[in-house]
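Listed here are the chains, written in short residue letters.
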Amino acid sequence: MKLHCHCVPLGLIGLLLLSGVGASHGAEPEKIIALKAARLFDGKSKTLASNGVVIVQGSKIVNAGSSLPIPSDAQVIDLGDTTLSPGFMDGHSHLTLDYSGDFTKRRLNELDLNVSEQAIRATVFARATVEAGFTTVRDLGSRFVGSPEFVDVALRNSINKGLVVGPRMLVATFGIGATGGHFDSTSGFRDMLFGQEPGYNHGIADGPEEIRKAVRFEVKNGADVIKAAVSGGVLSLADEVDTPQLTPVEMAALVDESHRLRKKVAVHCHGDQAAREAIEAGVDSIEHGSFLKPETLTLMKNKGIYLTPTLMATEWIMSRLDSYPPALQTKAKAAGAARSEMFRNAVKMGVKISFGTDAAVFPHGQNAKEFALMTGLGMTPIDALKAATSNDAELFGIAAKVGTLEKGKLADIIAMPGDPTTDITATERVSFVMKEGKIIRSGPPSSQTAAASEEAADVSAPVD
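None of the values given here were measured: they were computed from a predicted structure.

As for the packing of helix H11 (residues 369-376) against helix H12 (residues 381-396)
At step 1: Contact pair H11 / H12: the axes reach a minimum separation of 9 Å and the direction vectors enclose 135°. Between H11 and H12, the crossing angle belongs to the class labelled oblique. As H11 packs across H12, the resulting crossing turns out to be right-handed. Between H11, through Phe371, Met374 and Thr375, and H12, the contact on the second element is made entirely by Pro381, Ala384, Leu385, Ala387 and Ala388.
At step 2: Counted by class, the contact of H11 with H12 contains seven nonpolar, one polar and no charged residues.

Some words on helix H9 (residues 311-319)
At step 1: Where burial is concerned, most of H9 is hidden: seven out of the nine residues are buried.
At step 2: The set of residues buried in H9 consists of Leu311, Met312, Ala313, Thr314, Glu315, Trp316 and Ile317.
At step 3: Those residues of H9 that are buried lie in contact with helix H10 (326-349) and H11.

Some points on the sheet that holds strand S12 (residues 306-308)
At step 1: What the four strands build is an open sheet, ordered S9-S10-S11-S12; its pairing is parallel. A single partner strand is all that each edge strand has here, and the edge strands are strand S9 (226-229) and S12. Mean inter-strand twist for the sheet, computed between neighbouring axes without regard to direction, equals 25°.
At step 2: With four bridges connecting them, strand S10 (residues 265-269) and strand S11 (residues 285-288) associate as parallel partners. Within the sheet, the bridge partner assigned to His268 lies in S11 and is Glu287.
At step 3: The strands touched by helix H6 (residues 248-260) within the sheet are S9 and S10, with S10 carrying the most contacts at an inclination of about 150°.

A closer look at the pattern of salt bridges
At step 1: With the rule as written, the count across this model stands at 18 salt bridges.
At step 2: Note that Asp224 and Arg156 form a salt bridge whose closest N and O atoms lie 2.8 Å from each other. On the criterion of sequence distance, the pair formed by Asp224 in the loop between helix H5 (208-220) and S9 and Arg156 in helix H4 (residues 151-160) is long-range, its members being 68 residues apart.
At step 3: Residue classification places Asp224 among the partly exposed residues on the basis of a relative accessible area of 27%.
At step 4: Here Asp412 and Arg168 are joined by a salt bridge, their closest N and O atoms 2.7 Å apart. With Asp412 in the loop between H12 and strand S13 (413-417) and Arg168 in strand S8 (residues 168-171), this residue pair connects regions lying 244 residues apart in the sequence. Pair check on accessibility: Asp412 and Arg168 agree, each one buried.
At step 5: One salt-bridge network, in which partners are shared between bridges, spans Arg212, Arg216, Asp256, Glu257 and Arg260.

Concerning unusual backbone geometry
At step 1: Positive phi, normally seen in glycine, also occurs at Asn51, with a value near 50°.
At step 2: Relative to the helices and strands, Asn51 resides in strand S2 (residues 49-57).
At step 3: Taking relative accessible area as the criterion, Asn51 reaches 45% and is therefore assigned partly exposed.
At step 4: Although it is not a glycine, Ser67 adopts a positive phi angle of roughly 50°.
At step 5: With respect to the secondary-structure elements, Ser67 resides in the loop between strand S3 (60-66) and strand S4 (75-78).
At step 6: On the accessibility criterion, Ser67 (49% relative accessible area) is partly exposed.

Points about the sheet that holds strand S7 (residues 134-139)
At step 1: Read across the sheet, three strands follow the order S6-S7-S8 without closing on themselves; strand pairing throughout is parallel. Edge strands, defined here as strands with exactly one partner in the open sheet, are strand S6 (88-93) and S8. On average, each strand axis in the sheet is tilted by 15° relative to the strand beside it, whichever way the strands run.
At step 2: Where S6 and S7 come together, four bridges link them in parallel fashion.

A closer look at the nonpolar core
At step 1: Counting residues in hydrophobic clusters, the biggest one holds 74 residues, and the most contacted among them are Phe88, Leu254, Val267, Ile286, Met300 and Phe371.
At step 2: For this core, the leading source of residues is H10, giving six residues.
At step 3: Every residue in contact with Val267, bar those within four places of it in the chain, is listed here: Ala228, Val230, Leu254, Ala278, Val283, Ser285, Ile286 and Glu287.
At step 4: Core analysis: the next-biggest nonpolar cluster, separate from the first, contains 16 residues, Ile33, Ile77, Ala415 and Phe432 among them.

Describing the packing of H9 against H11
At step 1: Where H9 contacts H11, the axes come no closer than 9 Å and their chain directions differ by 95°. Relative to H11, the element H9 lies roughly perpendicular. Residues Leu311, Met312 and Glu315 of H9 pack against Lys369, Glu370, Leu373 and Met374 of H11.
At step 2: Here the contact of H9 with H11 is composed, by residue class, of four nonpolar, no polar and three charged.

Some words on the packing of aromatic side chains
At step 1: Following the criterion strictly, the structure yields seven aromatic pairs and no others.
At step 2: Each ring, one from Phe355 and one from Phe371, has its centre 4.4 Å from the other, and the planes form 35°; the classification is tilted. In this pair, Phe355 is assigned in the loop between H10 and H11 and Phe371 in helix H11, connecting sequence segments 16 residues apart. For the residue pair Phe355 and Phe371, the accessibility class agrees, reading buried in each case.

Re the environment of Ile382
At step 1: Note on placement: Ile382 falls in helix H12.
At step 2: Judged by its relative accessible area of 11%, Ile382 is buried.
At step 3: C-alpha separation for the pair Ile382 and Lys46, spaced 336 residues apart in sequence, amounts to 6.4 Å.
At step 4: Not counting the four nearest positions on each side in its chain, Ile382 is found in contact with Phe41, Ser45, Lys46, Thr47, Leu48 and Thr421.

The rules behind these values
- Residues numbered from 1 in each chain as written.
- Predicted model: local features only at pLDDT ≥ 70, side-chain atom pairs only at ≥ 80, totals over all residues.
- Heavy atoms only, no water.
- Axes fitted to C-alpha atoms, helices over the stretch in contact; angles between N-to-C directions.
- Helix = DSSP H or I, 4+ residues; strand = E, 2+ residues; numbered from the N terminus.
- Parallel < 35°, antiparallel > 145°, perpendicular 65-115°, else oblique.
- Left-handed = near helix turned anticlockwise from the far one by under 90°.
- Contact = heavy atoms within 4.5 Å.
- Nonpolar A, V, L, I, M, F, W, Y, C, P; charged D, E, K, R; others polar.
- Buried < 20%, exposed > 50% of the residue type's maximum accessible area, 1.4 Å probe, protein only.
- Pairing = 2+ DSSP bridges.
- Salt bridge = Lys/Arg side-chain N within 4 Å of Asp/Glu carboxyl O.
- Core = buried A, V, L, I, M, F, W, Y, C linked by side-chain atoms within 4.5 Å.
- Phe/Tyr/Trp six-rings, centres within 6.5 Å; stacked < 30°, edge-to-face > 60°.

Right under this line is the structure:
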């Protein structure tokens, strides 16, 4: 038999050895971590499992379940009388903004606020959110009056690169709305105070072709999801809270263009007529939904459209009505009075519910207070937990990666004291946070997060 020798120059052999190519041993295996706790919620089951164990290697879950054998070489972290859970998700947040203070002072201060300073503040909001156990958020709108900056895109990218501590973000950039509508940040100010009317490159568009252009512009600049205001809102001065703000033709163009580009559509919508038109157009989620009638909720259920109720936002505003102008107080009272019955009906009818809070209306890091509001209005604790894990993952389109504690999923894992199915407020006291296998928090929150939490109100009972 003739042997063929393929000669390699000695210099090249040296380079290959230095780079590890052709070495007899591969890279060191990634460390194995075993998390133990008294209970485990896997994100999809109807009950908790006892003696919860999650085995993590690198960024992924190797196994999860009850009383699992632990590898001999694993680092064991025993979290005691806690419940392990997939990292929570918030389907409606605004990490680059803070609307929680006095409304009039904020409107005045933002005229002088440098957008770079606001971006730095956003890093604090991001840390507070992830330390509260929210490892993924959908950030539905980031705009600054007269500024073209995409701060949410920059924050998302900085978190992804490990430069900033924060949750995984799916961002919507500016959000799309009509001239004079809820997303028109010049509305309520003197005409031309900011030098020009905002256009499609600020998310303000009129007519189906401008809507399509706005969608394309936002995707071009990094949007993961498209957000639009299809009805009036509470925190905007110059519109009624429930009036439609896009025509059916504009709505159809919005959804068609977004879905063509494989982006989901979330619509800010309090009013029933606007919701019906949005449902007909095929949106993926309706945010707020304060005035939705049972017939409209039935349409949502039949089409599998999610409701993201943002109960905490209304709760916060109602607890501080005096800090808002009279026109906003009237709108908040109307929305607050209607939303409780709407949410009860949605739960009874089996509408898909996404956990979302509108964080920024209240201080970041207080997102988990939404759980108690949901259960106070008829949702079971286990369904509320699902809303913030597997439901949100499905809505976001990332269920293959996160949302449940299963083999192969990213190791986004939190622990909360006791049993959240008997005391849902345990969700507000998360003590351990892991994101993609890296421990973000174990024990008390960081000093930054603790300071940010001091402003939080004692909001625990629904306002009917």
